[in-house]
Amino acid sequence: MSADSELFDVAVAASKHYSATARTGPVGPDEHQVEALKAFGAVSVDKPIGAEAAIDLLDTVGSPATMRSTGGRYFGFVNGGVTGEARAAAILAGAWDQNAALPAMSPTASAIDAAAAEMIVDVLGLPSTATAAFCGGATVANITAIVTARDALLERADWDVHDRGLAGAPKIQVVISEEAHVSVHKALRVAGFGQQQVSVVAADHAGRLDASQLPNVDGPTLVLAQAGNVNTGHSDPFDAIMDRLGGPDTWMHVDGAFGLWANAVPQRQVHVAGVERADSWATDGHKWLNVPYDCGVVICADGRHLRRSMRMDAAYVPDGGEARSLMNMGLQMSQAARAVPVWTVLASRGRSGVREIIEHSCRCAERFGDALVAAGAELLAPVVINQALVAFGDDATTDRVVERVQESGTCWMGATTWQGRRAMRISVSDLSTTFDDVDRSIETVLLAWQGD
Ligand SMILES: Cc1ncc(COP(=O)(O)O)c(C=O)c1O
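First, a word on scope: everything that follows refers to the structure included in this document. (Residues numbered from 1 in each chain as written. Predicted model: local features only at pLDDT ≥ 70, side-chain atom pairs only at ≥ 80, totals over all residues.)

**A closer look at the nonpolar core**
Argument step 1. Grouped together as the largest cluster of nonpolar side chains are 127 residues, with contacts concentrated most on V342 and V390.
Argument step 2. Of all the elements, helix α12 (residues 339-374) adds the most residues to this core, at 14 residues.
Argument step 3. Residues lining this core come from more than one domain, with at least three contributed by each of domain 2 (90-345) and domain 3 (352-450).
Argument step 4. V342 has contacts with A116, I120, G285, L289, V291 and C295, leaving out every residue within four places of it along the chain. (Core = buried A, V, L, I, M, F, W, Y, C linked by C-beta atoms within 7 Å. Buried ≥ 20, exposed ≤ 12 C-beta atoms within 10 Å, placed from the backbone. Helix = DSSP H or I, 4+ residues; strand = E, 2+ residues; numbered from the N terminus. Domains from an automatic or database assignment. Contact = placed C-beta atoms within 7 Å.)

The structure is reproduced here in structure tokens:
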């Protein structure tokens, strides 16, 4: 057996063991396991340790200090887990090591990309004419969509930004909620929009843009709406926004990193009503679809705009004509075949399986909300999808409860400040979370609170 093959066996065996034990033991590492990570920095490039020892270090030192975010009781940020078939597909895709930039580089990656893109538009309930392209995450998808929107709005105003640049270009008014995600603000900076061009609209108690506060607009307008507030899971009123501001000079982009997936479930669609009216969307596979990092998706109602903004031409790159080339639909040229795990999940489970993943997470979040309210905690916004936001009396108590829960090792929740109050964020994004995991975690939270 070759050394490479042996290494592969070791890595697969370690991966299998890790996955099989992700539910056992504490959710986060202890201080000794974190301290041990210094071993990685202790290796010098002048004294290489060899492949066998390197892989061994990854497993013996790296594995124990990971966050068990795939073990059912990790509720931090909006970090998804991973389905078994997505993990298996990623291992095979790792062996392929395909560059998915264009069909000439990998017919396999390109065929899977095209199939997965169509499926994702379909399961998300977006117009069938929309075009999806895979990228590194929702931040990248937001940047890609906002640059595309900028170029399209300027083109409608007879300004070719590729030819003339931004200096002296017609003004684009940007309308954004005060609750927009930080990644959207980064995207605006990258796209050359300054704060003075931005009209910030107040949000309500649940984090939804207040449509009665929308400004009057005149001329090119970029509206940045959100499906799924990172803390509450609530979405902006897309119909009201489009009824007020929609028109030939308006482009609505929706940041739906996780919340867009609510549109895949008929009984949750009410929480994202009108989302299909947007011109572009950003979402993630690595959050709620439970595929491995890093996998985001940018979707444009009219894919021609995406291609116009993201196109790269070079003599050494074959012109694929109208064929789909990811390098002409996003910021990166070389890129991983991110669609492989996505296609595998969608092909394996289908529409109904995706609905089950999403709906089950929502039910788990509701279970958290109901039990904690019954015990006297305060829900800071109704649970509508997979997020529950909870306070335990005053700020200091809430912080102490979060700290004790994190120390418990049974489950992991983060903290945030929500409309001036400290709160515990509970995000159910790992498909392996069971009702039993939720009940054990509720018990842990209540114990942490009683200890006060
Ligand atoms: C609403 C929203 N938008 C954007 C992002 C950024 O996503 P990513 O980390 O995939 O870039 C997040 C991450 O939590 C989010 O919740």
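**Some remarks on the environment of T144**
Argument step 1. With respect to the element layout, T144 can be found in helix α7 (residues 138-156).
Argument step 2. Overall, T144 belongs to the buried group, with 29 C-beta atoms counted inside 10 Å.
Argument step 3. Linking T144 and S5, residues 139 residues apart in sequence, is a C-alpha distance of 39 Å.
Argument step 4. Among all residues touching T144, those that are not within four sequence positions of it are C135, V298, M310, G330 and L331.

**Describing the environment of V405**
Argument step 1. Counting through the fold element by element, V405 comes out in helix α13 (residues 395-408).
Argument step 2. C-beta crowding within 10 Å serves as the criterion here: with 25 such atoms nearby, V405 is assigned to the buried category.
Argument step 3. Remark: the alpha-carbon pair of V405 and G71, spanning 334 residues in sequence, is separated by 16 Å.
Argument step 4. Apart from the residues within four sequence positions on either side, V405 is in contact with C411, M413, T444, V445 and A448.

**Regarding the site of the ligand**
Argument step 1. In the neighbourhood of the ligand, 15 residues make up the surrounding shell, with G137, A138, T139, H181 and A257 lying closest.
Argument step 2. When grouped by side-chain class, the residues that make up the shell around the ligand number six nonpolar, seven polar and two charged. (Near = placed C-beta within 6 Å. Nonpolar A, V, L, I, M, F, W, Y, C, P; charged D, E, K, R; others polar.)

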